[in-house]
Amino acid sequence: MRIVTWNLWWRFGDNWEARHKAIAVALAELEPDIVCCQEIWAERDGANQADLLGEALGMNVAHHPRFGRRGLSFSNAILASAPINASSSHSLAVGDQAAHRTAVVAQVARPGGDMTVICTHLEHRFHLSAIRQGQVATLCELAAPHHDPEGFPVIMAGDFNAVPTSEEIRLLTGERPPPVPELVWSDAWAQAGDGPGHTWNSQNPYLSQAMWPNRRIDYVFVSTPRPVPLGNIASIEMIGAEPVDGVVPSDHYGLVVDLID
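First, a word on scope: everything that follows refers to the structure included in this document. Note that the coordinates shown come from a computational prediction; the quantities given were computed from them, not determined experimentally. (Residues numbered from 1 in each chain as written. Predicted model: local features only at pLDDT ≥ 70, side-chain atom pairs only at ≥ 80, totals over all residues. Heavy atoms only, no water.)

It is worth spelling out the overall build of the chain at this point. Broken down by element type, the chain carries five helices and 12 strands. Against the globule reference of 18 Å for 261 residues, the chain gives a C-alpha radius of gyration of 17 Å, in line with a compact fold. Based on the C-alpha atoms only, the size of the chain along its principal axes is roughly 45 × 40 × 40 Å. A fraction of 68% describes how many contacts in the chain between residues 6 or more apart in sequence connect residues 24 or more apart. One finds the centroid of the 17 positive side-chain charges in the chain at a distance of 8 Å from the centroid of its 30 negative side-chain charges. (Helix = DSSP H or I, 4+ residues; strand = E, 2+ residues; numbered from the N terminus. Rg over C-alpha atoms; globule rule 2.2 N^0.38 Å. Contact = heavy atoms within 4.5 Å. Lys, Arg positive; Asp, Glu negative; His and termini not counted. Charge placed at Lys NZ, Arg CZ, Asp CG, Glu CD.)

Following this line, the structure appears as structure tokens:
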């Protein structure tokens, strides 16, 4: 099973329409089973990037846009080659912080029963680790009812805006006591990646003036315990570093993960 996660950089930059086309081409070449997208744009009375990508790729779409004053949405979406039998969107607000951050939860058909996929995008500001830790706790609570230690694992992917050594990621990987007892997560890059895996990378031309250092902040997580080898990470690579028809698709590099199904 092939999983992709990618922050698509909304409509930022002066070439967002060309970037959208490059994203569609890059994804089509990967032939994914599941795509978790962050920073999806949608117009209240017009085009919807998630639907456009779904049509281009022949995939089903779980998307719950939240429109702002300008009639535009900044949200997450899950695309799947198999039927999506249910989906929902959940706020990741912590108190009065991060009100626009959400997680999409989808039930995707597979032989033997649905699998649960969670796509998310956490608070980005450096100093708000405490907010991200609260968001991680919410994500684990969302995942817990769907986690079956004897069945196919829950897949959780997205832009976590946190490095692997951060407290928020350590809550997920079991290096700190997890928010939900006995539910921890395999970090796909830590298990099968080569090199630092910086998805936020100064070699990306859109980041030439970025104030943040190179960081690994985009993840695919697989819930544990599980009946191995089911859900084990066979391979993981970064995507999006190469231009498509002269256009770099996003300010983030994405990840493509092959899981044992």
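Still to come is the rest of the account.
On to the pairing of strand S12 (residues 254-259). The element S12 is extensively covered by neighbouring structure, given that five of its six residues are classed as buried. Inspection of the sheet shows strand S11 (residues 233-239) paired to S12 by six bridges, in the antiparallel sense. Paired with Ile236 across the strands is Val257, a residue of S12. (Buried < 20%, exposed > 50% of the residue type's maximum accessible area, 1.4 Å probe, protein only. Pairing = 2+ DSSP bridges.)

Moving on to the sheet that holds strand S1 (residues 2-7). Strands sit in the order S3-S4-S2-S1-S12-S11 across an open sheet of six strands; the sheet is mixed. Edge positions in the sheet fall to strand S3 (60-63) and S11, since each of these pairs with one other strand and no more. Each strand of the sheet is rotated relative to its neighbour by a mean of 25 degrees, with strand direction disregarded. Two strands pair when backbone bridges link them, and S3 and strand S4 (residues 72-80) are joined in this way by four bridges, in the antiparallel orientation. Residue pairing for S4: His63 is matched across the bridge by Ala77. The sheet contacts of helix H1 (residues 16-30) involve S1, strand S2 (34-43), S11 and S12, and relative to S1 the element is tilted by about 165 degrees. Lying over the sheet, helix H2 (residues 49-57) contacts S2, S3 and S4, oriented at roughly 130 degrees with respect to S2. (Axes fitted to C-alpha atoms, helices over the stretch in contact; angles between N-to-C directions.)

Put simply, the largest pocket is a space of about 260 Å³. Considered class by class, the residues forming the lining of the largest pocket number seven nonpolar, six polar and four charged. Of the volumes computed, that of the second largest pocket is approximately 220 Å³. Trp10, Arg66, Phe67, Gly68, Arg69, Arg70, Leu72, Ser73, Phe74, Ala99 and His100 together form the lining of the second largest pocket. Looking at side-chain class alone, the lining of the second largest pocket contains five nonpolar, three polar and three charged residues. (1 Å grid on protein atoms, 1.4 Å probe; cavity = no way out; pocket = protein on both sides within 12 Å on 5 of 7 lines; lining within 4 Å. Points joined across faces, edges and corners; volume = space filled by probe spheres on them. Nonpolar A, V, L, I, M, F, W, Y, C, P; charged D, E, K, R; others polar.)

The next subject is the pattern of salt bridges. This structure, assessed with the given rule, holds eight salt bridges. The closest approach of N and O atoms between Glu43 and Arg11, which form a salt bridge, is 2.2 Å. Here Arg11 lies in the loop between S1 and H1 and Glu43 lies in strand S2, a separation of 32 residues in the sequence. When its relative accessible area of 27% is taken as the criterion, Glu43 is described as partly exposed. The partner of Glu168 in a salt bridge is Arg132, and the shortest N-O contact between them spans 2.6 Å. Of this pair, Glu168 sits in helix H4 (residues 167-173) while Arg132 sits in helix H3 (residues 129-143); the two residues are 36 residues apart in sequence, bridging distant segments of the chain. Taken as a pair, Glu168 and Arg132 share a single burial class, namely buried. (Salt bridge = Lys/Arg side-chain N within 4 Å of Asp/Glu carboxyl O.)

Take it as geometry only, folks, not as evidence of what the structure does.
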